[in-house]
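Coordinate analysis (summary)
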Amino acid sequence: MTKRRMFLRMITASLLRRRSRMLIALLSIGIGATILAGLVTIYVDVPRQMGAQFRSYGANMLLLPQDGGTLTSDGLAQALKSIPDAALVGAAPYRYVRLDMTTRQQSFTAAATDFEQITKTSPYFSIEGAYPSETRQVLVGKEIAETIGVKVGSTMELTYQPSNTSTDRTPEESRVPGASLSGKAEGFGAGVVYVSAVLDDEAKIASISVDASTQTPEYGGLVPEDEGFLNQFIGKTLPLTLGEDVDALSGATVTSGAVVDALNTATEAVAAVRPKTLNFTVTGILTTGGEEEEYVFLSLGDMEIMTGEDKLDVAELSVSASVDQLEEYAASITDNNDGVQARLVKRVARSEASVLEKLTALVFLVTLVVLLLTMICVSTTMTAVVSERRREIGLRKALGASDGSIRAEFLGEGLFLGLLGGVMGAVLGFVFAQVVSVNVFGSSITFQPLLLPAAIIVSMAIAAASCLLPIKRAVAIDPALVLKGE
Amino acid sequence: MSLLELRNVSKIYGELKALDNVSIHVDQGEWVAIMGPSGSGKSTMMNIIGCMDKPSKGEVLLDGVDISKESSKKLTDIRRDKIGLIFQQFHMVNYLTAVENVMVSQYYHSMPDENEALEALGRVGLRERARHLPSQLSGGEQQRVCVARALINHPELILADEPTGNLDEANENIVLDLFAQLHKEGTTLIVVTHDPEVAEAAQRTIVLEHGKVAREVINENFGK
């Protein structure tokens, strides 16, 4: 038999055959380890737990089309790949369009969205009735519902009124190959002259027509029919200057100038689109206490039918992650997706972080206190064990045990207790954390595989540290006490 | 040749002279009894011989080496290597079995060897009781385990402190017989006792009184 085996035999015998006393020491380590392991589990799990809780306060990230870009449904799906599935709670796309309810001569902001995602990103939405589940169904904000008097089950006729000209383009932007231009300018006697032109493949004027019906018939009124005058424009590039690029029609100088001005300020004409009207059934009335009550919500599909466009104005994302991770995700989305930019809703993200910090600090503090209490408890028990075993320690020293041997034996017992206590702590601690988690956070926690070795190492360290003082006393015991008289 | 020699040894606790200028010697292989009433300095002398205490004055030569000035760490080494101890109250590790108690002594000395330990228990007639805990053994059996433990490392000197003080006559005889065997094998024995019968079993008796050697008695009947 080796010395090591004898050492193990002695310390296990000491623990197993002296049950009552060692049970107390084991219990103090085990209970300490249990509470520690439990707290650490909660500590590790709190961000996840609380993250899920926080997500009920709404979106913490927005995806927006970047300047000049367009956000589409496909673009959104692509962008979402930058966020791990586990972290993404929900992503609700929105398209805001003004719709008319001609029967009531009202117009509202209509928000087209994905209702399934809304329940995830905006769980605080309170609905009377239900979310639309089929096409041609709408959810109406409470304020609108009260104004126009609709209830769940009512029908609404909504009309999309497209604008005839694109208003947001400058004349310069309109001078593209193949564009149809239309413009107007003030001519003689404050009468308006209308001009339309078509540009060829090189953005040169291919054809031109003028409406000068407001002008004096025998002077300016002749301009639309004068081929000699109009032919001067063919093949020219805008802008033009009267007197240089083209000559004025004799006797109609002001009208000629108006034609040039109208062309120079002309913008691209958009083909007239007929208004699109659809009939909807109201499935629910929405109460939020916020501006959403002034909106009508419909599905993206219905909106696409009405507007003929697949386009999103914004997507609200609810992501369960720390501020740092959120920033990382946002940067990754902005970098990897052209025309899309991601922004954090700072207020939500920051307040989450600060609450988490406070909570983890609290758990940390409690952990520290429990650690200290455990050490005091174990140390006291071990001190009692040492005084109880004074004679045995004296005997061992009389038999030739060095101070090192005595130290090793008690430390060995302490570490063995720590090992047992650690295993007990890891198992019971998980149960403890589970109970706390279910009762406080209402959700179960995942077992951390690292918990077992960590709990064992920590409780062994605690046990060893707690044994230092008792061991010092054990080493100081005089072997002579085993002799007569003691 | 003397194994142990005390030269003018004194041990002074404040005013009290527990040992007062004592000189004795014990030869290799000799069986010596130390007698004396309570307070005569027996325990103090035993502590000094057992390397568990140091004299205030004088020299203690064990195997030719002066151990009176050694550090307690060094004394522990000497005690472990050269001395086997037997106590009045038996003193076993109460959660270890008989054989394990013998092995503890081996463990501190060199290597635990269960077979050798069992052999030693066989020698004291306790082979069958080897797996019993001290609480399951009688006083006599416990003291025999202690004898086995003391001899397991083949010490040059066995130092016994009132080895039969808590034993009945039958067990006392068993222990004394064991001592006689060890003596025959050449082991040096020093037995501290107040029991004249135990002292008479030895070759020579040193009588202490008031911290001094009062007289030495040679046992004429030894071996008869």
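The rules behind these values
- Residues numbered from 1 in each chain as written.
- Chains lettered and ligands numbered in written order.
- Predicted model: local features only at pLDDT ≥ 70, side-chain atom pairs only at ≥ 80, totals over all residues.
- Helix = DSSP H or I, 4+ residues; strand = E, 2+ residues; numbered from the N terminus.
- Buried ≥ 20, exposed ≤ 12 C-beta atoms within 10 Å, placed from the backbone.
- Contact = placed C-beta atoms within 7 Å.
- Nonpolar A, V, L, I, M, F, W, Y, C, P; charged D, E, K, R; others polar.
- Pairing = 2+ DSSP bridges.
- Axes fitted to C-alpha atoms, helices over the stretch in contact; angles between N-to-C directions.
- Core = buried A, V, L, I, M, F, W, Y, C linked by C-beta atoms within 7 Å.
- Parallel < 35°, antiparallel > 145°, perpendicular 65-115°, else oblique.
- Left-handed = near helix turned anticlockwise from the far one by under 90°.
- Arc of directions from axis to C-beta.
- pLDDT = per-residue confidence, 0-100.

With that settled, the discussion passes to the overall build of chain B. Helix and strand counts for chain B come out as seven helices and 10 strands. Looking at chain B as a whole, 51% of its 224 residues qualify as buried. For chain B, contacts bridging at least 24 residues in sequence account for 66% of all contacts bridging at least 6.

What follows covers the interface of chain B and chain A. With 29 residues of chain B at the contact, the number on the chain A side is 24 residues. Taken together, the elements giving at least two residues each to the side of chain B that touches chain A come down to α1 (42–49), α2 (72–82) and α3 (98–109) of chain B. The dominant element in the side of chain B that touches chain A, judged by the number of residues it contributes, is α3 of chain B, at seven residues. Each residue belonging to the side of chain B that touches chain A can be placed in one class, and the counts come to 13 nonpolar, seven polar and nine charged.

Residue and element names in this part refer to chain A. Read across the sheet, four strands follow the order β9-β8-β7-β10 without closing on themselves; strand pairing throughout is antiparallel. Of all strands in the sheet, those bounded by a partner on one side alone are β9 (205–211) and β10 (267–268). Pairing of strand β8 (residues 192–199) with β9 involves six bridges; the strand directions are antiparallel. Its bridge partner being in β9, L199 is matched across the sheet by I205. Contacting β7 (180–186), β8 and β9, helix α8 (residues 253–264) crosses the sheet at an angle of about 50 degrees to β8.

A word on the nonpolar core. Grouped together as the largest cluster of nonpolar side chains are 117 residues, with contacts concentrated most on V102 and L121 of chain B. Tallying contributions element by element places helix α2 (residues 19–54) of chain A first for this core, with 12 residues. Apart from residues lying up to four places away in sequence, V102 of chain B is in contact with A117, A120, L121, V145, A148, R149 and I152 of chain B.

Residues and elements named next belong to chain B. With mixed pairing, the six strands of this open sheet are ordered in space as β6-β7-β8-β3-β9-β10. The strands lining the two open edges of the sheet, one partner per strand, are β6 (83–86) and β10 (212–218). Taken over all neighbouring pairs, the strand axes of this sheet differ in orientation by 20 degrees on average, direction set aside. Two strands pair when backbone bridges link them, and strand β7 (residues 157–161) and strand β8 (residues 188–192) are joined in this way by five bridges, in the parallel orientation. Among the inter-strand pairings, L159 is bridged to a residue of β8, identified as I190. Sitting on the sheet, helix α5 (residues 139–151) is in contact with β6 and β7, with an inclination near 170 degrees to β6.

When two helices pack together, their arrangement is given by the angle between their axes and by how far apart the axes lie. All names here are of chain B. Packing of α3 against α5 leaves a shortest axis separation of 8 Å and a crossing angle of 30 degrees. Here α5 runs roughly parallel to α3, going by the angle between their axes. The two elements α3 and α5 meet at a crossing, and its hand is right-handed. Of the residues in α5, those in contact with A98, N101, V102 and S105 of α3 are V145, A148 and R149. Classifying every residue of the contact of α3 with α5 by side-chain character gives four nonpolar, two polar and one charged.

Moving on to helix α3 (residues 73–80) of chain A. Residue and element names in this part refer to chain A. Buried residues of α3: G75, L76 and A79, and no others. Projection of α3 onto a plane perpendicular to its axis shows the buried side chains occupying an angular sector of 100 degrees, all on one side. Away from its buried face by more than 90 degrees, α3 exposes D74 and A77. Buried residues in α3 make contact with β1 (61–65), β2 (88–101), β13 (314–319), α10 (323–336) and β14 (340–344).

With that settled, consider the environment of L62 of chain A. Residues and elements named next belong to chain A. Looking at where L62 falls in the secondary structure, it is placed in strand β1. With 16 C-beta atoms counted inside 10 Å, the residue L62 sits in the partly exposed group. Residues L62 and L344 lie 282 residues apart in sequence; the distance between their C-alpha atoms is 6.2 Å. Filtering out sequence-adjacent residues up to four positions away, L62 remains in contact with V314, E316, R343 and V345.

Let us now look at α1 of chain B. Judged by how many residues are buried, α1 of chain B sits mostly within the fold: eight of eight residues are covered. Every buried residue of α1 of chain B is accounted for by K42, S43, T44, M45, M46, N47, I48 and I49 of chain B.

It is worth spelling out the environment of V475 of chain A at this point. All names here are of chain A. Relative to the helices and strands, V475 is located in helix α14 (residues 451–475). Along the backbone, V475 and R407 are 68 residues apart, and their C-alpha atoms lie at a distance of 7.0 Å. Non-local contacts of V475, meaning those with residues more than four positions away in its chain, are made with D403, I406 and R407.

Turning our eyes to something else, we now look at the confidence of the model for chain B. When pLDDT drops low, the exact placement of atoms in the prediction is not to be read closely. The share of residues in chain B with pLDDT of 70 or more is 100%, and the mean pLDDT across the chain is 90. Per the prediction output, this complex has pTM 0.61; the corresponding ipTM is 0.91.

What follows covers the pairing of β8 of chain A. Residues and elements named next belong to chain A. The pairing of β7 with β8 spans seven bridges and is classified as antiparallel. Among the inter-strand pairings, S180 is bridged to a residue of β8, identified as V198. A loop of five residues connects β7 with β8, the two strands running antiparallel in sequence, and G189 in this loop sits at a positive phi of about 65 degrees. Two successive antiparallel strands, β8 and β9, enclose a turn made up of five residues, where A203 displays a positive phi of approximately 60 degrees.

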